[in-house]
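# Observations on chain architecture
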Amino acid sequence: MYAASPKPVISVNQPRIRFEFYPNQGAFDLVSREGQNLVQRANTAVQWFQDGKPHHERLINWRPGCGIDGFGQQSGETYLSRTAGGEIEATLQIGAGDTESLVTWRLGIRNTGKQTIKVDRIVLLQAGQTVGGILSMATGKLVSKLSFYTNGWQSWSFAGAYPADRKAMRSKLGILQEPMIINAGTPQPDQLGVFTSDFFGVINDLENRCGLLLGFLSQREQYGSLQVKLNLDREAVLWANGDQAVLQPGAQMVTDWAVVDWVDLTTDEPLSGYMKRVAAENGARVPRQAMVGWCSWYQFYTKISEEIIQRNLEAVKASEKRLPLNLVQIDDGFETEVGDWFSMKPEFPRGVKPLAGMIRESGRVPGIWFAPFIVNPRSRLYHEHPDWLLRNSKGRPVNAGFCWNALDTGLDLTVPAALDYSREVIRTAVEDWGFSFLKLDFLYAAALPGVYHDPTRTRAQVMYQGIKALREAMGDDTFFLGCGMPLGSGLGLVDSNRIGPDVSGDWYPRLYGLSKPFKNEPSVPCARNSIRNILTRTMLHGIWWANDPDCLMVRPDTHLSLEEVQTLTTVIGLTGGSLLVSDDLPALDEKRKRMVEILLPVCDKSARVIDWAEQPTPAMLRLDLDGDNGPWSVLAWINWSDEPAKVRLTRQQYGIPEGDYWVSSFWDQKIQLRTSREALWETIVAPHASVVLSVRKKKDTPQYLASDIHLTQGMELASWKWDGHVLQADFALKRQFDGFISLALPGVPDQVLVNGAPQDYEHIGHNIFRIPIRGDQKTIVSIRF
Ligand code: 9PG
C-alpha cells in the first residue's frame, strides 16, 4: 500500500522506543529498542460532520509548520497537513518524552473552510492490518499470550486485565446503568478479543513480559478512547472524542497529549513512569495523610437523622483511644431530593450545620456528601429550572441512569446559572455550614452526551471546568473526595478519588433480591466489584491522588461471611488509600471493632498487585516494609473462587529472593520456618477468603515474627535492641492496643518484663515465644537471658 520511503524523520529517539515519522505518507512506526516494530504504519485522521454528513479523512502530506495558537515550539516539532477539501488544517506536534520509554504527540485542528463543522473524532493513532501494519509486542519472539488492561471511564467503571481470548464484560442493565459507567464515545464491543478503554489501556505480552501502553496524559480537552483488536485483526485505534462540538470557521481545537509507553513487566511498578508523567502534566494533588473516619452510607443508606449521626459521633469519641478516627462524614439522605441541596429532611430539623459544629468541636473533620451535577426528577430544581437541565436532541432531559428510584438527569454546566448554583451549594457547605471534607458524587452526570447551551465545548471541557469551579468554590483547604468521577477530570483538582464500585453487604451483586442474573454485573455495588477495582487501580494511589477504596464494613449481620469481611479488610489495609468505616458504631461488638483497629495506624504505602496484568481478578499482593528489626514483606493471596482452594504460595511467585524465611499468617496466627526449598505457605483457603503472610528472612539473632495487633505484623514495633544478653523491644502505635507478639529467641528467657513488670509467656514452638502485651501509645518489652 505504501511506497517504500527512503528515510523516516526520526522525531523522537528514546532509549527504549523510537517514533519514526514518514511525513508524506502521514504514517509513523513505533519501534522497540530491539528494533522490533511495536506499531507499524500508524496514521492520524479526522472525523467530522458537515451539513449533517459524516467525513473521515486520513491526514497525509505533512510538512513542517504550525497552525495552532498555543503549540509552543519548545513542546516539540510540528507539522502541517490539510484535508483534501480544505475544510481542516491540522497540526501534529511530536513531543519529547521525558522518560526512557515514553513518547507523546498531539493534534490541533483548525476550521479553514467557510462552513461550521462538528468534530466527531480526532484520531491520534490508527494501526493494524488494514493499514498494512501489525501490532507485534515481542522482542523478536512470537507473541503467544496477550492481555489487555482496560481502564473504565469513571470511578465506578471496571478496570482490569482481560486475557486476549475473552470478551469484555458488559452490563445487562442497559439504560439503567450504562449512562453512569460508560463514556458515550467509547464503543462496547461484543466480540472475542476486542476491547476498549478510557484514558489509557495496556496491551500486555505475558510471555515476553512487556507491554505497550496507549493513551493520553490528560482529559482536559476531550475524553480519549482506545480500541484494540487482539484477535487476528491486531488493530489499535486511539482517538479523542470531539462530541460533535461545533468548530466555527477559523476556530481551533487541540487534543490532550497522546502517549505511548513501552512497559517492562519484569519491573516492580511497570506503569509508574506513565502515572507520574500524568500526575506532573495535571498538577496532581496528593494529600500527606490518608483520611481515616466514619461514613453513614453503608449502614443507614438514606435513612439517616441528626440523632443517628450524633450517636455515631459519640461512639467515635468514646472509642477514640482504641480506634482513633479523624473524620465523620454524613452521606446521602439529609436533603429532601437530590438537586435540592438547601432543603433538609424532617430528620434534620436544624439542618446539617449543627452537626458540622459538633464534629469540629470534637476535634474531627466534618464531612458531607453532595451530588451537585445530577438531578432527581422529583426535585424542585427539576421543575423550577428546566433551562438548567441538559437535554437531548428531542428536547428531553438526558438520562443519567437509574438511582433513588428514578431515571435521573444532569445539569448543563454551560448554562451559567446552573454552574453558579453548584458553586453556591459548595460555598455554602464550606463557608456557612462549616464542612471541610466534601464527598462530591455522581459527577459524570454533567458529562453526558446532549445538546449543550454552549455547543462549542466538548464534554471533557465542560466537566473539567465544572470540577474546577467546585474546587474554587470550596477553596484550597477543603478536602475534596471525588466519586462517580470521570478519572481525568479530577486530576489536579481532587485530593482523593473513588476508584471502584460501591461495596455492599453482599459478595455478589444483588438487585431486587436476586443474585444469579446479576452475578457478572461489573459495577453494581457489592464487595466483589469493589475489591476487584481496589486491586486493579492500586497503581494510581499516591500518584494521581489518594485512592478511596470505599468503605469497610465489619459488622456481623450483613450477608458477608467472616472470611469475606477479612478479605475486604486485607485489601483496604494493604493498598494505601483512605479508611472509612461504615457500621453503626454504638452497636459494633469488640471483636468486629478489632478488625478495624488492626488497620490503624493506616499503612499509607501501598502493596504491589503482582498479577494485575494477568486476569480481571488479581489475587496476589506484596508490600515491602522496613523496621528496626529489618525489612519484611507482607504477602496476600485471595481466593476469588466460590470453592475452597488448595494453594501453594512460593517465593518465586512473589519474587522473594532465595533463603530461609519465618512466615506468619495473620488471620489464623500460625508461624512456620520455611527453608529455601519449601513453599512459603501451603493451605486450604475458604471461598472468598484471603491469606496474609508476613515474611522475614531468618537470622541467627533474636527476631520479631508476628502479632495480632496490626495487619502488617510489624508496624507496631518501634525499636529493637539486642546486645547479646538483653533484648529490648519498644512498641508504639498512636492508639491503645493489646494482643500477642511472637518472637524467635535463642533460648528460654530468664525474665520477661513488660513495662517493667514480670510477664508470663508461652513457648509455642522450638524457639518461638508468645508474649501478651498491652499499651497506651507505647509499651516496652525487655527480655533477659
Ligand atoms: C449515595 C451513594 C454513596 C456511595 C456512592 C454512590 O448505580 N446506582 O444506582 C448507584 C447508586 C448509588 C451509588 C452508586 C451507584 O453510590 O458511590 O458511596 O455515597 O452514592 O447515594
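Residue positions within a chain follow its written sequence, with the count starting from 1. In keeping with the predicted nature of the model, local features appear solely for residues at pLDDT of at least 70, side-chain atom pairs appear and are counted solely at 80 or more, and the whole-chain, interface and lining totals rest on all residues. Think of the side-chain values as coming from all heavy atoms in the structure, minus any hydrogens and water.

Looking now at the sheet that holds strand 32 (residues 608-609). Here, a strand pair is defined by DSSP locating no fewer than two bridges between the strands. A run of H or I in DSSP counts as a helix once it spans at least four residues, and a run of E counts as a strand once it spans at least two, with each numbered from the N terminus. In spatial order, the strands read 32-33-34-39-36-37; together these six strands make up an open sheet with antiparallel pairing. The sheet is open, and its two edges are formed by strand 32 and strand 37 (670-674), each paired on a single side. Sheet topology note: the strand 33 (residues 620-627)/strand 34 (residues 630-638) ladder contains eight bridges and is antiparallel. Across the sheet, residue Leu625 finds its bridge partner in strand 34, namely Trp632. The contact criterion used throughout is that any non-hydrogen atoms of two residues lie within 4.5 Å. Structural elements are reduced to axes, namely lines fitted to C-alpha atoms, with helices fitted over the stretch in contact, and the angle between N-to-C directions of any two is expressed from 0 to 180 degrees. The strands touched by helix 11 (residues 562-574) within the sheet are strand 33, strand 34 and strand 39 (690-697), with strand 34 carrying the most contacts at an inclination of about 140 degrees.

The eight strands lie next to each other as 30-29-28-27-22-21-20-31, forming an open sheet whose pairing is parallel. Either end of the sheet is taken by a strand with one partner, and the two such strands are strand 30 (546-548) and strand 31 (579-581). Strand-to-strand twist in this sheet, taken as the mean axis angle between neighbours without regard to direction, amounts to 25 degrees. Of the strand pairs in this sheet, strand 22 (residues 365-370) and strand 27 (residues 437-440) are connected by four bridges, and their pairing is parallel. Bridge pairing in strand 27 places Trp369 opposite Lys439. Its contacts with the sheet put helix 5 (residues 353-361) on strand 21 (327-330) and strand 22, and the angle it makes with strand 22 is roughly 145 degrees.

Let's shift gears to the pairing of strand 19 (residues 258-264). Look at any regular strand and the pattern is simple: side chains alternate between the two faces of the sheet. Burial status follows relative accessibility: with a 1.4 Å probe on protein chains alone, a residue under 20% of its type maximum counts as buried, one over 50% as exposed, and anything between as partly exposed. Judged by how many residues are buried, strand 19 sits mostly within the fold: seven of seven residues are covered. Burial along strand 19 is two-sided: the face carrying Ala258, Val260, Trp262 and Asp264 and the face carrying Val259, Asp261 and Val263 are both buried. By the bridge criterion, four bridges tie strand 9 (residues 102-111) to strand 19 in an arrangement that is antiparallel. Within strand 19, the position partnered with Leu102 by the bridge is Asp261. The pairing of strand 15 (residues 210-216) with strand 19 spans seven bridges and is classified as antiparallel. In the strand pairing of strand 19, Gly211 is matched with Val263.

Note: interface size is frequently given as the accessible area lost on complex formation between the parts. What the domain assignment reports for the chain is domain 1 (10-282) and domain 2 (292-371 + 418-440 + 477-608). Delimitation of the domains relies on an automatic or database domain assignment. On a C-alpha basis, the centroid separation for the pair domain 1 and domain 2 is 35 Å. Taken together, the contact between domain 1 and domain 2 spans 31 residues of the former and 33 residues of the latter. Between domain 1 and domain 2 the total buried area reaches about 2,600 Å² when both faces are included, carbon and sulfur atoms providing 59% of it. Looking at the side of domain 1 facing domain 2, the largest losses of area belong to Ser155, Trp156 and Met275, adding up to 25% of the total buried there. Just to be clear on terms, a salt bridge is a Lys or Arg side-chain nitrogen sitting within 4 Å of an Asp or Glu carboxyl oxygen. On inspection of domain 1 and its partner domain 2, the count reaches one salt bridge. Residue Arg608 pairs with Asp268 through a salt bridge whose shortest N-O separation is 3.4 Å. Those elements that place two or more of their residues in the side of domain 1 that touches domain 2 are strand 11 (146-151), strand 12 (159-163) and helix 2 (272-282). When residues of the side of domain 1 that touches domain 2 are assigned to their parent elements, the largest contribution, six residues, is made by helix 2. Charged residues are taken to be Asp, Glu, Lys and Arg, nonpolar residues to be Ala, Val, Leu, Ile, Met, Phe, Trp, Tyr, Cys and Pro, and polar residues to be all remaining types, Gly included. When the residues that make up the side of domain 1 that touches domain 2 are grouped by side-chain class, the tally is 16 nonpolar, ten polar and five charged. Simply put, the buried area is the total loss of 1.4 Å probe accessible area from both parts when two parts are fitted together.

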